[in-house]
Amino acid sequence: MHAIVQPSTKPLTSNPSTTIRSALQEPLWLKITLIAIALGFIFLFLCLPLLIVLFHAFAKGVGAYWEAILQPDTLAAIKLTLLTALVTVPANTLFGIAAAWAITRFEFRGKSLLTTLIDLPFSVSPVISGVIFVLLFGMQGYFGEWLRDHDIKIVFAIPGIILATLFVTFPFVARQLIPLMQEMGNEEEEAALSLGASSWKMFFKVTLPNIKWALLYGVLLCNARAMGEFGAVSVVSGHIRGLTNTLPLHVEVSYNDYQTVGAFASASILAGLAVVTLVLKTLLEWKQGNR
Amino acid sequence: MKSINFISYKQIIFALVALLMASTQALAERTILNVSYDPTRELYKEYNPLFIKHWQEKTKETVEVQQSHAGSGKQSRAVIDGLEADVVTLALAYDVDQLYKQARLIPENWQTLLPNNSSPYTSTIVFIVRKGNSKQIKDWSDLVKDGVSIVTPNPKTSGGARWNYLAAWAYALKHNNNSEDAAKAFIGKLFKNAAVLDTGARGSTTSFVERGIGDVLITWENEAYLVLKEFGADKYEVVTPSFSILAEPPVTVVEKVAKKNGNEDIAKEYLSYLYSKEAQDIIGKNFYRPSDKDIAAKYAQQFPQLELITIAELGGWNEAQKKHFADDGVFDQIYTGGK
Amino acid sequence: MSQSQIMPGFRPALGFTLVYLSLIVLIPLSTLVFKSFQLSWDDYLRIIGSKRVLASFRVSFGSALIAAAIASVFGVIVAWVMVRYSFFGRKFFDAIIDLPFALPTAVAGIVLATIFQPTGVLGKFLLDTFGIQVAFKPLGIVIALIFISIPFVVRTLEPVLLEFDTTMEEAAASMGASRWQIFTKVIFPNIFPALLTAFALSFSRSVGEYGSVIFIAGNLPFVSEIVPLLIVTKLEQYEIEGATAIALTMLLISFLFLFLINLLQLWTHKRSGQL
């Protein structure tokens, strides 16, 4: 462990005696131990899994890796995953903005209940999130017969996958925006309005610039979950190869086909996506901090 | 500099679009969906091209066959809930029966519509052990010994596991003068030795082979030989017990769906062609026992002879399901947790 | 806020919010309630009270509790190290903490199982050295849930530690308190509400977790079978009512937890005087 231990990032203003100094800082050995524990923990639980994915994905060489990625079923899974994200992320973003606007700019009865209900999908087990759509739109479900008579497919088809994903990624954007807009207050917006700006102009010139980083942050998290959801999608997918398998489901399918390289190659795309998400997230936090 | 960037950007987009297009392939005129259980992946991967060629020769039409694989019970459930399968090829008749019972998707007499109880291939239940067979496992009675660690899927969720369970049950009855109490005790001991209960047959194979769990895996004969082929005969041995069950994985056209999709002709031919010599050869090659006499003879040396009991002799699936696997059935009574 | 007359867009924004919320969340979830109503109270109690269901609740809640506790302990250390110390690579390690948010749970499950299986990198070491098997034992579930829980704990604690007023420490030090006393008497009580929130957040997320757990749990009924798996199992056995009864119970418990978290957050804000 080559950690370079430096004094606390917050230097003290006073010039305390040695006893006080020792009461304000941990002894060096303790610092090193704590850093070692923290980094060891992070390495074992977070870095190692990423390394393992790469190790298995490239276990049989770069050629085998690309062959696995370029398989029609893998490409179809990538396409479906992108499509799902393309529909769900904008929809939930729009919702997030509307909900945050209503909740933070107005007073109305049942506001705190509404806030809790928006958070609800977070605490619903992903499996249940899938099951409810089968109960609703499956052949034995409430709308099953009607849908069949009108030849509309929802569950075990792409709409079902999108609905389940919409459900599990529902709160992400709203959750980022609500606390921020609450804190912001609406003085600037009022000023814009009193200066004669139209509602839309006020939104695009005043509100949006203020919330853009938090908004992007929410979109990013929403996107990561939309592309990576497994439990809920697994229930409504029907697992038709090349048609209703998303990338996370394709990982499972390839794994069960004894195609270790294929499974980990698909997993590496998702892991890569996760890393990109983390990098963007760090950038956004930095931007937000400099706001 | 700017123009170079622009070109490469365009090229990337172009490459991405081309990749996506490539995956859509040439559109076939009609598509059928075969909803199947876990271990048949390799079989149908090989059979589908053969059938597509056959149909092309017969009708000059290009068809596409889509596959979906998961645990047999889960697949049956999905078809009942609206997964539009033109044909189902599942692990046991009970799961297919539900398509009639729960949703009237197929006629009641579905099992009489194709030869051999609608089973174009059969299999049985055998064991796989690690090379050397250090625990000396030769027969079912060796599985209940102390210190033997077993891998089998959960009979509640896996079709294959129900065959495993019933084979053990029949063996215990046979060796205990048909005493059900003794059989219950035997099965109870057997499941006490279970180290993992995966939800499907393929999950169990993964646990045993890739994760190194357990001394013995109870599984389909076809799955066992597939393991030898995929992971090396130098690492595993197949142990065929003295007695087992004749597993008949049935197939049927999901009439209501196929009719609605206008695919009845393809679906019917898809299944009856499974009984042809060419298809039976693929079946034998994939370690299923062919129903065709000549092809069966060709692969005879591949399958050891053993005494097989049929599900009919055990009272049929409906009775077995009710007695053993329903809530509070025998399995729930004997299974009260691991070690 | 009397400004509600001035600010535009109340009706469309709230209208859209309510319609969308109803369509995507409330109506689908209400099917669970309706389906469960088809059961009599006795049937419901019989299903929920059955030994296997109770055992799965014990496994799910027990392992979520243990995982949240372990994640809290390590989370405090990690958050402390990230906020208070500077060392080479701190930014990198701090960024990677969010990995479980971004990595699909199925990938996490397969990878963790690969690492901790008896032939895996760590699994082999643990088995050979300590004779502990992790994967396919209840311990495997705990490992997967710790993975899920880490970012919840660290990300809840970091801002609180960052905003913690160091003059309080200085005051205590000038009064002759030792470092240990300062930590236990000054710092810890101040981060405790946030720690509770973090604990509750990771607990409620862990209880419902499916994707990462099924790959690493042995799925043995009574021993390592989690509630979501049991719901799936029941569904596959055509027991829709049974499945919905369990799902609804879980939903109610989750809702209760969410409510509790919101209360805790309110309390935390009041205590630390933020917002």
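Keep in mind the model is a prediction, meaning the values are calculated, not measured.

Colleague: Looking at this structure, I do not really get the overall build of chain A. What am I missing?
Modeller: Looking only at helices and strands, chain A features 14 helices and zero strands. For chain A, the succession of helices and strands along the chain, N to C, is α-α-α-α-α-α-α-α-α-α-α-α-α-α. For chain A, whose C-alpha radius of gyration is 24 Å, the value lies well above the compact-globule estimate of 19 Å for 291 residues. C-alpha extents for chain A along the principal axes are approximately 80 × 65 × 30 Å. Looking at the 291 residues of chain A, the share that counts as buried comes to 57%. In chain A, the share of contacts with a sequence separation of at least 24, taken over all contacts with a separation of at least 6, comes to 71%. Surface summary for chain A: the accessible area is close to 12,300 Å², and the carbon and sulfur share equals 66%.

Colleague: Before we go on, may I ask you to explain a nonpolar patch on the surface in this structure?
Modeller: Residue and element names in this part refer to chain A. A surface patch of nonpolar side chains, amounting to about 540 Å² of accessible area, comprises Val275, Val276, Val279, Leu280, Leu283 and Trp286. Tracing the backbone through its elements, the reader meets Val275 in helix α14 (residues 260-289). Classification of Val275 as partly exposed rests on a relative accessible area of 34%.

Colleague: Whenever I open this one, unusual backbone geometry confuses me. Can you help?
Modeller: With glycine set apart, most residues show a phi of negative sign, and most peptide bonds adopt trans. Although it is not a glycine, Asp151(A) sits at a positive phi angle of roughly 55°. With respect to the helices and strands, the residue Asp151(A) is situated in the loop between α7 (144-149) and α8 (158-168). Positive phi, close to 60°, is recorded for Asn178(B), a residue that is not glycine. Looking at the element boundaries, Asn178(B) is found in the loop between α7 (159-175) and α8 (180-192).

Colleague: What am I meant to see in the interface of chain C and chain A here?
Modeller: A common way to report how large an interface is uses the accessible area buried once the components associate. Residue-level contacts link 94 residues of chain C with 96 residues of chain A. Roughly 8,700 Å² of surface becomes buried between chain C and chain A when both sides are summed, with 79% attributable to carbon and sulfur atoms. The tally of links from chain C across to chain A stands at two salt bridges. A salt bridge links Asp98(C) to Lys281(A), with the nearest nitrogen and oxygen atoms 2.1 Å apart. Counting across the interface, chain C meets chain A through seven residue pairs in polar contact (both at pLDDT 80 or more). Tallied by class, residues from the side of chain C that touches chain A come to 70 nonpolar, 17 polar and seven charged.

Colleague: What am I meant to see in the pattern of salt bridges here?
Modeller: Pairing is possible between side chains of opposite charge, provided their charged atoms come close. The full count for this structure, using the stated rule, is 40 salt bridges over all chains. A salt bridge links Glu145(A) to Arg148(A); its shortest N-O distance comes to 3.6 Å. One end of the pair, Glu145(A), and the other, Arg148(A), are both in helix α7, three residues apart, so they sit about a helical turn from each other. Overall, Glu145(A) belongs to the partly exposed group, its relative accessible area being 45%. One salt bridge connects Lys153(A) with Glu84(B), and the closest N-O pair in it is separated by 3.4 Å. Here Lys153(A) is found in the loop between α7 and α8, whereas its partner Glu84(B) is found in the loop between α3 (72-80) and β3 (87-89) on a different chain. Since its relative accessible area comes to 45%, Lys153(A) is described here as partly exposed. Overlapping salt bridges, with partners in common, bring together Lys281(A), Asp94(C), Asp98(C), Arg155(C) and Glu158(C) in one network.

Colleague: What's the story with empty space enclosed by the protein in this structure? I'm lost.
Modeller: This structure, assessed with the given rule, holds 12 cavities of 30 Å³ or more. Each pocket or cavity is described by its volume, and for the largest cavity that value is around 580 Å³. Around the largest cavity sit 31 residues that line it, and Glu252(A), Asn256(A), Thr199(B), Gly200(B) and Ile214(C) are the ones nearest its centre. Listing elements by their share of the lining of the largest cavity, those giving two or more residues are α13 (247-256) of chain A, α9 (201-209) of chain B together with α11 (211-216) and α12 (227-236) of chain C.

Colleague: How should I be thinking about the interface of chain B and chain A in this particular structure?
Modeller: Taken residue by residue, the interface counts 35 residues in chain B and 27 residues in chain A. Surface buried jointly by chain B and chain A totals about 2,600 Å² across both partners, of which 54% is contributed by carbon and sulfur atoms. One can count three salt bridges joining chain B with chain A. Inspection of the region where chain B meets chain A yields 12 residue pairs in polar contact (both at pLDDT 80 or more). If you list the elements that add at least two residues to the side of chain B that touches chain A, you get α1 (2-24), α2 (41-59), β2 (63-69), α3, α4 (93-103), α9, α10 (221-231) and α11 (255-261) of chain B. Residue contributions to the side of chain B that touches chain A peak at five residues, all from α10(B). Residues belonging to the side of chain B that touches chain A are distributed by class as follows: 10 nonpolar, 11 polar and 14 charged.

Colleague: I tried to follow the side chain of Thr104(A) on my own but got confused; where do I start?
Modeller: All names here are of chain A. Mapped onto the secondary structure, Thr104 falls in helix α4 (residues 72-105). Residue classification places Thr104 among the buried residues on the basis of a relative accessible area of 1%. Here the side chain of Thr104 touches Ala100 through a polar contact of 2.6 Å, landing on its backbone oxygen. Among the polar contacts made by the side chain of Thr104, one reaches the side chain of Arg105 at a distance of 3.5 Å.

Colleague: Would you mind showing me how to read the packing of α2(B) against helix α13 (residues 277-285) of chain B here?
Modeller: Geometry of a packed helix pair, given as the angle between the helix axes and the separation of the axes. Residue and element names in this part refer to chain B. It is the contact of α2 with α13, at a shortest axis distance of 10 Å, that shows an interaxial angle of 160°. In terms of orientation, α2 lies roughly antiparallel with respect to α13. In the crossing of α2 with α13, the sense of the turn from one axis to the other is right-handed. Every residue of α13 that contacts α2 at Leu43, Glu46, Tyr47 and Leu50 is listed here: Glu278, Ala279, Ile282, Ile283 and Lys285. Of the residues that constitute the contact of α2 with α13, the class distribution is six nonpolar, no polar and three charged.

Colleague: I keep staring at the environment of Gly110(A) and nothing clicks. Help me out?
Modeller: Residue and element names in this part refer to chain A. Mapped onto the secondary structure, Gly110 falls in the loop between α4 and α5 (111-119). What makes Gly110 partly exposed here is its relative accessible area of 43%. Sequence separation of Gly110 and Ser234 is 124 residues, and the distance between their C-alpha atoms is 35 Å.

Colleague: Can you walk me through the sheet that holds β3(B) in this structure?
Modeller: What links the strands of a sheet is backbone hydrogen bonding, and the strands pair in either a parallel or an antiparallel sense. Residues and elements named next belong to chain B. Across the sheet, four strands lie side by side as β2-β1-β3-β10; this open sheet has mixed pairing. Each edge of the sheet is formed by a strand with only one pairing partner; in this case those strands are β2 and β10 (251-253). Along the sheet, successive strands turn relative to each other by an average axial angle of 20°, direction set aside. Summarising the sheet, strand β1 (residues 30-36) and β2 pair through seven bridges and their orientation is parallel.

Colleague: Any chance you could explain the pairing of strand β9 (residues 243-247) of chain B here in plain terms?
Modeller: Successive residues of a regular strand alternate their side chains across the two faces of the sheet. Residues and elements named next belong to chain B. Where burial is concerned, most of β9 is hidden: five out of the five residues are buried. Note that strand β4 (residues 121-130) and β9 share two bridges and pair antiparallel. Residue pairing in the sheet places Ser123 in a bridge with Ala247 of β9. In the sheet, β9 pairs with strand β12 (residues 307-309) via three bridges, with the strands oriented parallel. The residue bridging Ser244 from the neighbouring strand is Leu308, located in β12.

Rules of the game
- Residues numbered from 1 in each chain as written.
- Chains lettered and ligands numbered in written order.
- Predicted model: local features only at pLDDT ≥ 70, side-chain atom pairs only at ≥ 80, totals over all residues.
- Heavy atoms only, no water.
- Helix = DSSP H or I, 4+ residues; strand = E, 2+ residues; numbered from the N terminus.
- Rg over C-alpha atoms; globule rule 2.2 N^0.38 Å.
- Buried < 20%, exposed > 50% of the residue type's maximum accessible area, 1.4 Å probe, protein only.
- Contact = heavy atoms within 4.5 Å.
- Areas by Shrake-Rupley, 256 points an atom, 1.4 Å probe, with all protein chains shown as cover.
- Patch = residues over 30% accessible without salt bridge, like charges linked within 9 Å, V, L, I, M, F, W, Y side chains within 5 Å.
- Salt bridge = Lys/Arg side-chain N within 4 Å of Asp/Glu carboxyl O.
- Buried area = accessible area lost by both parts, 1.4 Å probe.
- Polar contact = N/O pair within 3.5 Å; in protein donor to acceptor, adjacent residues only side chain to side chain.
- Nonpolar A, V, L, I, M, F, W, Y, C, P; charged D, E, K, R; others polar.
- 1 Å grid on protein atoms, 1.4 Å probe; cavity = no way out; pocket = protein on both sides within 12 Å on 5 of 7 lines; lining within 4 Å.
- Points joined across faces, edges and corners; volume = space filled by probe spheres on them.
- Axes fitted to C-alpha atoms, helices over the stretch in contact; angles between N-to-C directions.
- Parallel < 35°, antiparallel > 145°, perpendicular 65-115°, else oblique.
- Left-handed = near helix turned anticlockwise from the far one by under 90°.
- Pairing = 2+ DSSP bridges.

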